[in-house]
Amino acid sequence: MSLPPDSPCQESGRVLVAGIGNIFLGDDGFGVETVRVLAARQLPPHVEAVDIGVRGVHLAYQVLDGYDTLILVDATARGEDPGTLYVIQHDTAGGGEPHGAPLDGHRMTPDTVLALLATLCAAAGGQPPRRTLVVGCEPASVAEGIGLSPPVSAAVPEAVRLIEELLRAEEPGEPAPRATAGEAAK
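The sections below set out a description of the structure shown in this document. The model shown is predicted, which means the values in this text are computed figures rather than measured ones.

Another aspect to go through is the overall build of the chain. Along its length, the chain carries five helices and five strands. Its helices and strands taken in sequence order, the chain reads β-α-β-α-β-β-α-β-α-α from the N to the C terminus. A total of 186 residues make up the chain; the buried ones form 45% of that total. Summarising the internal contacts of the chain: among those between residues at least 6 apart in sequence, 80% fall at separations of at least 24.

What follows is the structure in structure tokens.
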């Protein structure tokens, strides 16, 4: 899998890496666990790694503090083998509000958070991040229970490496980091 061509994070802008998910729903805790591991490492001063968990409204308000790049880390079901990693560039052109979805601060999807952020930025006169990426992992199970499945647990170090590569990339012309299902499953 290759990253979008304009996905590198610039040294000059603030970056928020947000781990989202519910640790009580098995592999849904992937984002939280990945950011916990990432936060224990040496990060550049312009990077903040935060465990957001299920506090989507908190994330939307925190992003109002002004970040150039937002990297959401989350379990992302796309139909591949469990443990497969994805880097998805969020399309900000869609914007808008979630249609007909009740606002539940503990069950907000990344799209709902980003739509709320767009609404908050418009109301407060702020700017959303210039770039939003999702580093996702295919879950094996999001049934009730604490702990990641073996393939998703094995993908955590690879996801940390992938995020670190995104953070190190300084120029759009540099080769993009890659992750494959085979690498994630090791």
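Reading across from one edge, S2-S1-S3-S5-S4 is the order of the five strands in this open sheet, with mixed pairing throughout. Strands with a single pairing partner mark the edges of an open sheet, and in this sheet they are strand S2 (47-53) and strand S4 (85-89). Across the sheet, the mean angle from the axis of one strand to that of its neighbour is 20 degrees, orientation sign disregarded. In this sheet, S2 lies alongside strand S1 (residues 15-20) in parallel orientation, the contact comprising six bridges. Across the sheet, Leu 16 pairs through a bridge with Glu 48, a residue of S2. Those strands touched by helix H2 (residues 56-63) are S1, S2 and strand S3 (69-75), and its axis lies near 155 degrees from that of S2.

With that settled, the discussion passes to the pattern of salt bridges. For the structure shown, the criterion picks out five salt bridges. Of the charged contacts in the structure, one is a salt bridge between Arg 36 and Glu 33, with a shortest N-O distance of 2.5 Å. Here Glu 33 and Arg 36 lie together in helix H1 (residues 30-39), a separation of three residues that amounts to about one turn. Exposure remark for Glu 33: the relative accessible area of 25% places this residue in the partly exposed category. In this structure, Glu 165 engages Arg 161 in a salt bridge whose closest nitrogen and oxygen atoms are separated by 1.8 Å. You can see Glu 165 and its partner Arg 161 sitting in helix H4 (residues 150-168), four residues apart, about one turn around the helix. Classification of Glu 165 by relative accessible area gives partly exposed; the value is 22%. Within the structure, one salt-bridge network assembled from shared partners comprises Glu 158, Arg 161 and Glu 165.

What follows concerns a nonpolar patch on the surface. The grouping of Ile 23, Phe 24 and Ile 146 at the surface amounts to a nonpolar patch, some 330 Å² of accessible area in total. Inspection of the secondary structure puts Ile 146 in the loop between strand S5 (131-137) and H4. Note on Ile 146: relative accessible area 67%, which makes it exposed.

For the structure shown, the criterion picks out zero aromatic pairs. A cation sits over an aromatic face here: Arg 14 above Tyr 67, 4.2 Å from the ring centre. Across from the ring centre of Tyr 86, 5.3 Å away, lies the NZ or CZ of Arg 78, which sits over that ring.

What follows is about the pairing of S1. Burial of S1 is extensive: six of the six residues sit out of reach of the surface. Burial of S1 is two-sided: the residues Val 15, Val 17 and Gly 19 facing one way and the residues Leu 16, Ala 18 and Ile 20 facing the other way are all buried. Relative to S3, S1 runs parallel, the two being bridged by five bridges. From the neighbouring strand, Val 17 faces S3, where its bridge partner is Ile 71.

Conventions used here
- Residues numbered from 1 in each chain as written.
- Predicted model: local features only at pLDDT ≥ 70, side-chain atom pairs only at ≥ 80, totals over all residues.
- Heavy atoms only, no water.
- Helix = DSSP H or I, 4+ residues; strand = E, 2+ residues; numbered from the N terminus.
- Buried < 20%, exposed > 50% of the residue type's maximum accessible area, 1.4 Å probe, protein only.
- Contact = heavy atoms within 4.5 Å.
- Pairing = 2+ DSSP bridges.
- Axes fitted to C-alpha atoms, helices over the stretch in contact; angles between N-to-C directions.
- Salt bridge = Lys/Arg side-chain N within 4 Å of Asp/Glu carboxyl O.
- Patch = residues over 30% accessible without salt bridge, like charges linked within 9 Å, V, L, I, M, F, W, Y side chains within 5 Å.
- Areas by Shrake-Rupley, 256 points an atom, 1.4 Å probe, with all protein chains shown as cover.
- Phe/Tyr/Trp six-rings, centres within 6.5 Å; stacked < 30°, edge-to-face > 60°.
- Lys NZ or Arg CZ within 6 Å of the ring centre and 35° of its normal.

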